[in-house]
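# Fold and contact review
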Amino acid sequence: MARILVTGGAGFIGSHLCERLLAEGNDVICVDNFLTGSPDNIAPLLANPRFTFIQQDVTNFIYVKGPLDAILHFASPASPIDYLELPIQTLKVGSLGTHKALGLAKEKGARFLLASTSETYGDPLVHPQTEDYWGNVNPIGPRGVYDEAKRFAEALTMAYHRTHGVETRIVRVFNTFGPRMRREDGRVVPNFIAQALRNEDLTVYGDGGQTRSFCYVTDLVEGILRLLRSDYALPVNIGNPREMTVLEFAKLIIALTGSRSGIAYKPLPEDDPKVRQPDITRARALLGAWEPVVAVEEGLRWTIDFFRGTSS
Ligand code: UDP
């Protein structure tokens, strides 16, 4: 049992982390400013005496009373639509927010885990992506605000590790889905499910030939917690290696929802990566043979049920 702080704890992944850590008997402090997170995500946790919520922007100094064993830094907008609307906040939370969270870890002697991203690989020229690939990122494009902030966050994390001896972990999160994604966050999973449930055409960007690999959120959380408890400081990819095209994914959502929707082709956003698939050799080797156990179809059924239940 430990006392663990989660930044972005009211977000999609953050709230699943808080829930899992509480179920294990840990004390959890959730810090979130609700920029893209939501009070609904943590509402069921508020009754738990082991759960504390602090409403704060982590780009400002973070004060926490008492000891901390670990800090999981998950605060950030995480959807391409959000980076377009919140470019400066995205850059600030990845840079200033990571600095504040690392400073707190140093002060408390806490272990620090950074939520990094497959976006550090940009539009990758190596496929599937291994952790030793340095990436192909356009720093001045619309996605650069997220990609470069996360790359800076990785650099700062390694600097605190090397200079101050902070125990650090870096997870590179690939596309993840599940309940509590925001319906309007603009990413492909909520977009397609919401469109399918309304029997509207699914908006496939470009020709739909670009690929992604989708991981169910509980598999991601399991990988993150195994990484936290490992002794490995270099980045580790966590994601589901099953790759599919966006068009295949659209057809899968139509089939699973039983929708009458068709496909509507829309322009491809700038710098949209053409392929993405994690090489999880490192995670398998270091994290007790970790690999995803939830089939994409199964996870999608649960996610569709969530969206049905909250449909207005
Ligand atoms: N996409 C799409 N239709 C949508 C939303 C997204 O075709 O309504 C595509 C997008 O262009 C990208 C993929 O789906 O190729 C995944 O997009 P998402 O925004 O979920 O995240 P990304 O993996 O690009 O960060």
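The paragraphs below set out a description of the structure included in this document. (Residues numbered from 1 in each chain as written. Predicted model: local features only at pLDDT ≥ 70, side-chain atom pairs only at ≥ 80, totals over all residues. Heavy atoms only, no water.)

### Let's talk about the environment of E200
In plain terms, the rule: A helix here means a DSSP run of H or I that spans at least four residues, while a strand means a run of E at least two residues long, and both kinds are numbered starting from the N terminus. The contact criterion used throughout is that any non-hydrogen atoms of two residues lie within 4.5 Å. Whenever a nitrogen or oxygen atom comes within 3.5 Å of another N or O atom, the pair is scored as a polar contact, on the condition that within protein one atom can donate a hydrogen and the other can accept it, and that pairs from neighbouring residues in sequence are kept only if both atoms are in side chains.
Its place among the elements puts E200 in the loop between α6 (188-197) and β8 (202-205). Put simply, E200 and D271 are 71 residues apart on the chain and 26 Å apart in space, counted from C-alpha to C-alpha. If we ignore the near neighbours within four places in the chain, the residues touching E200 are Q195 and S261. There is a polar contact of 3.0 Å between the side chain of E200 and the side chain of R198.

### Overview of the packing of aromatic side chains
Rules: Two rings from Phe, Tyr or Trp (for Trp, the six-membered ring) form a pair when their centres are within 6.5 Å of each other. A pair whose planes differ by under 30 degrees is stacked, one over 60 is edge-to-face, and the rest are tilted.
With the rule as written, the count across this model stands at nine aromatic pairs. Here the aromatic rings of Y121 and F174 are separated by 6.1 Å at their centres, their planes lie at 40°, and the arrangement is tilted. With Y121 in the loop between β5 (111-117) and α5 (144-164) and F174 in the loop between β6 (168-173) and β7 (176-177), this pair connects stretches of sequence that are 53 residues apart. Taken together, the ring pairs connect Y121, Y133 and F174 into an aromatic cluster.

### Some words on the sheet that holds strand β1 (residues 3-7)
Worth spelling out the cut-off: Only strands that DSSP links by at least two bridges are regarded as paired with each other. Angles here are taken between N-to-C directions and fall from 0 to 180 degrees, while the axes themselves are lines fitted to C-alpha atoms, restricted in helices to the stretch in contact.
Read from one edge of the open sheet, seven strands run β3-β2-β1-β4-β5-β6-β11, paired in parallel fashion. On the outer flanks of this sheet lie β3 (51-55) and β11 (235-238), each paired with one strand and no other. For this sheet, the mean angle separating the axes of adjacent strands, direction not counted, is 20°. By the bridge criterion, five bridges tie strand β2 (residues 27-32) to β3 in an arrangement that is parallel. Note that in β3 the partner of V31 across the bridge is I54. Its contacts with the sheet put α5 on β5, β6 and β11, and the angle it makes with β5 is roughly 155°.

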